[in-house]
Amino acid sequence: MVKNRLVLKAPVSGLVVPLEEVPDPVFSQRIVGDGTAIDPISQSLFSPCDGEVVQLHSATHAITIKTAEDIEILLHIGIDTVKLKGKGFHAKVKIGDKVTTGTPLIDFEADPVAKSAVSLLTTIIIPPSEKILSMTSTSGVVEATKDDILTLLISEPEKRTASQQTTDFKSQKITISNHLGLHARPAAVLASGARKFKAEILLCKNNSQANAKSVTAIMSLEIAYQDSVLLIAKGNDAEIALETLQNLIKSGLGEQEQTDTNFSQANPTETIISSNTLIGINASPGSSVGKVLQLRHQEFQIKEVASSEEQERKRFETAIEKAKLQLETLQKRLDGTRATIFAAHIELLEDPELIEAASTEIESGKSAAFAWNEAFNRQAEKFIKLQNPLIAQRAVDVRDVGKRVLTILTGSEQKRVEYPKDSILIAEELTPSDIANIDKERVLGICTTGGSVTPHVAIMARALSIPATVAIDPRALELEDGQVVIIDNGRLIIEPSVEEIKSTEELKKKEQHRQLINLGTAHLEAITVDGVKIDVFANVGSIEEARSVNRFGGEGIGLLRTEFLFLNKNFAPTQDEQFYIYKEIAESIGKEKLLIIRTLDVGGDKPLPYISTVKEENPFLGERGVRLMLAKSDLFLDQLRAILRASHYAKVAVMFPMISELAEIVLLKEMLAQESKKLGIDKIRLGIMVEVPAVALMAQQFAKEVDFFSIGTNDLTQYTLAIDRTHPKLASKVDALNPAVLNLIKTTAIGASIERKLTGVCGALASDLTAVPLLLGLGITELSASLPAIPEIKALIRTLNLEECRKTSEEALKLRSGKEVRQLFAERLRR
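Everything numeric in this text was worked out from a predicted model, so none of it was measured.

## Notes on the overall build of the chain
When helices and strands are counted, the chain shows 28 helices and 36 strands. By the burial criterion, 52% of the 831 residues in the chain qualify as buried. In the chain, the share of contacts with a sequence separation of at least 24, taken over all contacts with a separation of at least 6, comes to 70%. Total accessible area on the chain is roughly 37600 Å²; 50% of this is exposed by carbon and sulfur atoms.

Have a look at this one:
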């Protein structure tokens, strides 16, 4: 066998990124082929080798070069850039051109492309070929046309003998339903499907044909929406290959959902439902009619060099202290989770790394303002580059704190925004400080172009009951101040009609009236029309929220998240500190009410400075929750003792998160019993979170060992669907109403019922009014929801017939998607 070496040069300059880190499964899962990617710092794409241009996509974002060795190299600029339809791309070659290493292929405008695309990552892909024996990639920073990027070892495959030739089979003509035609993603799905068969398979369009196992060959046909194609196959499995691939093409090659609103949420910056509607992700529900107010952030004039190090150090220290006082004042006038956000900001001002970084700059002769600006922006960039989106979003808080101190150091005035009446704020990014200063009476909605839901901003918007949409199409930034718009649960309707305005305002008035009535009856029990009582508890994450449980009609606390005691601190809270807070929370709801305290649920995704953890590739599947706490027994036992001591002041129960095997329960029960005995305190109820499919599937066995279950639908859904619920692109596909998740909920409820144990839901699904009748029908006996949702949920339960809920839930289990389930229950609720 003859072996040759083919060395490819970097087509663009930038940092080499492993293919598995590309935010598109077509590339990261190597469906298109193997290779690597580059995060570009240049704006020209060059040929990585000698060859011929065999494919140039009509959108000019992708090109294929074929070498003399018959190896194809697909170069693809950015992720989802096909939807730009060529805007920002300028081809320097055409199909059929001969090129050499370093020949300019495509120029692209990095800034406008980056703003409209998911990513600028440029992939270098080698489609599957029998000739390729091995492939190695370089790492680090590369320079276009000069540094090697990939090295291939290739050979000639064995040729098919005449005796192996078989009859051709042809499919019927198939009409392409993909609105963007067969670009890289659907082409990759088709090629991947074709490669599962041994038969030779061709895809034909008019008089042209291509190897259906080659992504680049498929793309070279430039198949557009509504084009007719057919398949030709030859080989022993040709007939079944044609049937399978024909159905695959008809189903949309994985892109069928692009025509519905779910896809618009997955790719919000690129999707428009209609000519006057921009789509984003709903961060805080609600709708309002208002006028655009573009919010621009302040620019600072910063002097770089200073004359006196001592003077600058004093200025810096004074500014930090002044910022702390501002934040403490702000914290005092807020309540609940909003106050804890600014407590975290105060902690950031005491962060030793930030202070040290700024101090080092000051020692080198820089001004305090310049030093601080460099320090906090570097820290924010570090967060942004982290793989975990939750931690990456902390960059917003760092910049918020940073700008607060910078305002003091530069002597700039903290500009107070004058909000016109009925304002809909539009900005690239809003910080917690921005939202804390909002005039709720004048601001009716918030839209940001930021790419994902920032938890702090979403929390604060919900607390203020202000509709908020994030990741809105960037064209929202082009709207003029004063322009009339409607913000409506993730949508922004531009220049709405008189009918749309009237309908929105009437709906809002009805909603407000209904909420007032429900709040007035929140203290009443939630009993279905056929006489079944359903307990509705509160999810709580602070002392302030606990004080509001009775006001909103909560029958206790079904989930006390104890993380607020541990996060944003340099040292763990002592046993006494925890006890006094649990005691205060217990006393705030009353001795006869249930208080379920969940033990600390942190891990690699929510690291604590005083707990040493190993960096994990996938923290959601690593040392998290109970797994971590069992390894940190001192910290864990302190919390158990504090919980036991608080049991004198309410009906306290303890709940353990992230359980996955029975052996963990046996150990936890033993630890709890030992600590109860040592303290001379009676045994308390013990429950577990059902978040891992393994627990749901073994519910009856687990129910024998515990007193109750509480289903955490957020994690159960992400583990069932294998999608990170914080993923900026895939998060909209994490639907807890997916029938697979619903079946696990039902299995859990049945297992618990056999052992005469109760099953509750404390995840986000419990606060979803559409889901409430479904959950009851599946056998859920308790709900624990967000405070504002409790009056609504209790009012809804009083209108439900449990037997009808069961029948409808059985129908739901047979449906194909969460979307269909929502439609089914939305229709039943309207009746």
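More follows now that the structure is in view.
## Some remarks on the confidence of the model for the chain
Detailed reading of predicted coordinates is not advised where the pLDDT is low. Looking at the chain, pLDDT values average 82 and 85% of them are 70 or higher. Contacts for the low-pLDDT stretch residues 160-165, under 50 throughout, to residues beyond four places or in other chains number four contacts. Across residues 256-274, where pLDDT falls below 50, the model places 48 contacts with residues more than four positions away in sequence or in other chains.

## Concerning the sheet that holds strand β34 (residues 708-711)
Reading around the barrel, the eight strands line up as β29-β30-β31-β32-β33-β34-β35-β36 and close back on themselves, with parallel pairing between neighbours. Ignoring strand direction, the axes of neighbouring strands in this sheet form an average angle of 25°. In terms of strand pairing, strand β32 (residues 651-656) meets strand β33 (residues 685-690) through four bridges, oriented parallel. Note on β33: the bridge partner recorded for Met655 is Gly687. Its contacts with the sheet place helix α26 (residues 790-797) against β29 (535-540) and β36 (782-785), and it is angled at close to 165° to β29.

## Quick notes on the nonpolar core
By size, the foremost hydrophobic cluster in this structure holds 94 residues, and its most contacted members are Leu595, Ile745 and Leu783. Looking at this core, the element that brings in the most residues is helix α19 (residues 633-646), giving eight residues. The contacts of Leu783, once residues within four sequence positions are left out, are Asp535, Val536, Phe537, Val761, Ala766, Val772, Leu775, Leu776, Ile793 and Ile797. Listed in part, the 40 residues of the second largest apolar core include Ala187, Ala194, Ala210 and Ile218.

## A few points about the environment of Glu555
Relative to the assigned elements, Glu555 resides in the loop between α16 (543-547) and β30 (556-561). Of the residues examined, Glu555 reaches a relative accessible area of 19% and is grouped as buried. At a separation of 2.6 Å, a polar atom in the side chain of Glu555 contacts the main-chain amide nitrogen of Val536.

## Describing the packing of aromatic side chains
By the definition in use, this model includes five aromatic pairs. Ring centres of Phe579 and Tyr649 lie 6.3 Å apart, and the angle between their planes is 55°; this geometry places the pair in the tilted category. Residue Phe579 is located in helix α17 (residues 575-589), and its partner Tyr649 is located in the loop between α19 and β32; the two are separated by 70 residues in the primary sequence. Where Phe636 meets Phe656, the ring centres are 6.0 Å apart and the plane angle is 70°; that geometry is what we call edge-to-face. Pair noted here: Phe636 is in helix α19 and Phe656 is in strand β32, with a separation of 20 residues, a long-range link. Take Phe636 and Phe656: they sit in the same class, and that class is buried. Grouped by ring-pair contacts, the aromatic residues Phe316, Trp372 and Phe376 constitute a single cluster. For the cation-ring pair, Lys583 lies above Tyr649, with the distance from its terminal atom to the ring centre recorded as 5.1 Å.

## Regarding the pairing of strand β27 (residues 484-488)
Within β27, four of the five residues are buried, which leaves it mostly tucked inside the rest of the structure. Strand direction decides the pairing type here: strand β23 (residues 287-294) and β27, joined by five bridges, are antiparallel. Looking across to β27, one finds that Lys291 is bridged to Val484. With four bridges connecting them, β27 and strand β28 (residues 491-494) associate as antiparallel partners. Opposite Ile486, over in β28, you have Ile493 as the bridge partner. A loop of two residues connects β27 with β28, the two strands running antiparallel in sequence, and Asn489 in this loop sits at a positive phi of about 45°.

## Overview of the environment of Arg806
Mapped onto the elements, Arg806 comes out in helix α27 (residues 802-813). In this structure Arg806 comes out as partly exposed when scored by relative accessible area, which is 38%. Sequence separation between Arg806 and Leu776 is 30 residues, and the spatial gap between their C-alpha atoms is 7.3 Å. A distance of 3.1 Å separates a polar atom in the side chain of Arg806 from a polar atom in the side chain of Glu803.

## Focus on the side chain of Glu312
Of note, Glu312 is situated in helix α7 (residues 309-332). For Glu312, a relative accessible area of 9% corresponds to the buried category. The residues touching Glu312, leaving out its near neighbours within four places in the chain, are Ala306, Ile362, Lys366, Ser367 and Ala368.

## Brief notes about unusual backbone geometry
For Asn489, which is not glycine, the phi torsion reads 45° and is therefore positive. By secondary structure assignment, the location of Asn489 is in the loop between β27 and β28.

## Looking at the packing of helix α23 (residues 713-721) against helix α24 (residues 739-754)
Across the interface, α23 lies against α24 with an axial gap of 10 Å and an inter-helix angle of 125°. Overall, the two elements α23 and α24 adopt an arrangement that is oblique. Here α23 runs over α24; the crossing is right-handed. Contacts between α23 and α24 involve Thr713, Leu716, Thr717 and Thr720 on the former and, on the latter, Ala740, Val741, Leu744 and Ile745. Per-class residue counts for the contact of α23 with α24 are five nonpolar, three polar and no charged.

## Things to note about helix α20 (residues 662-679)
Here α20 spans 26 Å end to end across 18 residues, near enough to the 26 Å set by a 1.5 Å rise per residue. For α20, every residue scored as buried is listed here: Glu664, Ile665, Leu668, Met671, Leu672, Glu675 and Ser676. Looking straight down α20, one finds its buried side chains confined to an arc of 135°; they lie on one side. Away from its buried face, by an angle of more than 90 degrees, α20 presents the exposed residues Ala663, Lys677 and Lys678. Remark: Gly680 follows α20 within two positions and exhibits a positive phi of approximately 70°.

## Digging into the pattern of salt bridges
Under the criterion given, the structure shown has 32 salt bridges. A salt bridge links Arg313 to Glu309; its shortest N-O distance comes to 3.3 Å. Taken together, the residues Arg313 and Glu309, both in helix α7 and four residues apart, mark about one turn of the helix. Via salt bridges that share partners, Asp638, Arg641, Glu675 and Lys678 belong to a single interconnected network.

## A look at the pairing of strand β3 (residues 34-40)
Judged by how many residues are buried, β3 sits mostly within the fold: five of seven residues are covered. Bridging between strand β2 (residues 14-17) and β3 involves four bridges; their strand directions are antiparallel. Looking at β3, one finds that Leu15 is bridged to Asp39. In this sheet, strand β11 (residues 119-126) lies alongside β3 in antiparallel orientation, the contact comprising five bridges. Bridge assignment links Asp34 to a residue of β11, and that residue is Ile126.

## Describing helix α5 (residues 238-250)
In this model, α5 (13 residues) spans 18 Å end to end at C-alpha, consistent with the 18 Å of a helix rising 1.5 Å per residue. When we look at burial in α5, the residues that qualify are Ala238, Ala241, Leu242, Leu245, Gln246 and Ile249. Down the axis of α5, the sector holding all buried residues measures 125°, keeping them to one side. In α5, the exposed positions that point more than 90 degrees away from the buried face belong to Glu239 and Glu243. Positive phi shows up at Gly252, right after α5, with a value of about 100°.

The rules behind these values
Residues numbered from 1 in each chain as written. Predicted model: local features only at pLDDT ≥ 70, side-chain atom pairs only at ≥ 80, totals over all residues. Heavy atoms only, no water. Helix = DSSP H or I, 4+ residues; strand = E, 2+ residues; numbered from the N terminus. Buried < 20%, exposed > 50% of the residue type's maximum accessible area, 1.4 Å probe, protein only. Contact = heavy atoms within 4.5 Å. Areas by Shrake-Rupley, 256 points an atom, 1.4 Å probe, with all protein chains shown as cover. pLDDT = per-residue confidence, 0-100. Pairing = 2+ DSSP bridges. Axes fitted to C-alpha atoms, helices over the stretch in contact; angles between N-to-C directions. Core = buried A, V, L, I, M, F, W, Y, C linked by side-chain atoms within 4.5 Å. Polar contact = N/O pair within 3.5 Å; in protein donor to acceptor, adjacent residues only side chain to side chain. Phe/Tyr/Trp six-rings, centres within 6.5 Å; stacked < 30°, edge-to-face > 60°. Lys NZ or Arg CZ within 6 Å of the ring centre and 35° of its normal. Parallel < 35°, antiparallel > 145°, perpendicular 65-115°, else oblique. Left-handed = near helix turned anticlockwise from the far one by under 90°. Nonpolar A, V, L, I, M, F, W, Y, C, P; charged D, E, K, R; others polar. Expected span 1.5 Å × (residues − 1). Arc of directions from axis to C-beta. Salt bridge = Lys/Arg side-chain N within 4 Å of Asp/Glu carboxyl O.

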